[in-house]
Amino acid sequence: RAGSAYDKGISEARRSGKPVDLATLLVNKGILLRNLGEPEKALPFYKEALAALADDKGIMKTAVRSSRGDALLEIGRLEEAQRDFTAGNNTAGLGDVAMAQGRPQAAIVEFKKLLELAEATRQGDYLVLARLGLGRAYLARQAQGDKTAAAKALENFSKAVAQLED
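To keep things clear, this report deals only with the structure shown in the data block. (Residues numbered from 1 in each chain as written. Predicted model: local features only at pLDDT ≥ 70, side-chain atom pairs only at ≥ 80, totals over all residues. Heavy atoms only, no water.)

**Digging into the overall build of the protein chain**
Secondary structure summary: the protein chain contains 9 helices and 0 strands in total. Secondary structure of the protein chain in N-to-C order comes out as α-α-α-α-α-α-α-α-α. Along the longest, intermediate and shortest principal axes, the C-alpha atoms of the protein chain span 60 × 30 × 30 Å. Summarising the internal contacts of the protein chain: among those between residues at least 6 apart in sequence, 37% fall at separations of at least 24. Computing the positive centroid from 25 side-chain charges and the negative centroid from 22, the protein chain places the two 2 Å apart. (Helix = DSSP H or I, 4+ residues; strand = E, 2+ residues; numbered from the N terminus. Contact = heavy atoms within 4.5 Å. Lys, Arg positive; Asp, Glu negative; His and termini not counted. Charge placed at Lys NZ, Arg CZ, Asp CG, Glu CD.)

So this is what it looks like as structure tokens:
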């Protein structure tokens, strides 16, 4: 149902000539497809959204790149995902790519950047995201033989839970 409603809205937005409206609907359709477990089918919608925003200098293009990066990450196209996350300045996505590539130390660097940003802007959701990412990355470091990493993982997971309870 939701898919057909998006399709109708997309058709109307194409006719209206409003690129931001069209891109918003296309991205939302892509997210719907990803949520339905079909990230590969989402890619054409993200591509069209970026084309619609070719002349746009706003934040919307960044959001599209991050969403496309998520889909690319889900299907294992890591280099492409990394390019989109870099273009979208998405440190969490870059951390996830580094984890998928087996590079937990690089992921730690990215999740620490996100943590600093979240602390500076007091954004609780991003604090949790950063702490969970750091916890996962430190667990991977432990698996690589870092004997101090388990304590760091536990510390970050505990802080994420505490943030959720606030």
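Here the narrative resumes.
**Considerations on the layout of surface pockets**
Its boundaries defined by the atoms lining it, the largest pocket holds a volume of some 450 Å³. The wall of the largest pocket is formed by 21 residues, among which Asn89, Asn90, Thr91, Leu114 and Tyr126 lie closest to the centre. Contributing elements (two or more residues each) for the lining of the largest pocket: helix 4 (60–74), helix 6 (91–100), helix 7 (104–121) and helix 8 (124–143). Looking at the lining of the largest pocket, its residues break down into 8 nonpolar, 10 polar and 3 charged. (1 Å grid on protein atoms, 1.4 Å probe; cavity = no way out; pocket = protein on both sides within 12 Å on 5 of 7 lines; lining within 4 Å. Points joined across faces, edges and corners; volume = space filled by probe spheres on them. Nonpolar A, V, L, I, M, F, W, Y, C, P; charged D, E, K, R; others polar.)

**Description of the nonpolar core**
One finds Tyr46 and Val64 to be the most contacted residues of the largest nonpolar core, which totals 24 residues. Secondary-structure elements contributing two or more residues to this core are helix 1 (2–16), helix 2 (19–35), helix 3 (39–52), helix 4, helix 5 (78–87) and helix 6. The element contributing the most residues to this core is helix 3, with 6 residues. Residues within four places of valine 64 in sequence aside, it is in contact with Val27, Tyr46, Ala49, Leu50 and Leu53. Ala98, Leu115, Ala137 and Ala153 belong to the second-largest nonpolar core, a separate cluster that totals 16 residues. (Core = buried A, V, L, I, M, F, W, Y, C linked by side-chain atoms within 4.5 Å. Buried < 20%, exposed > 50% of the residue type's maximum accessible area, 1.4 Å probe, protein only.)

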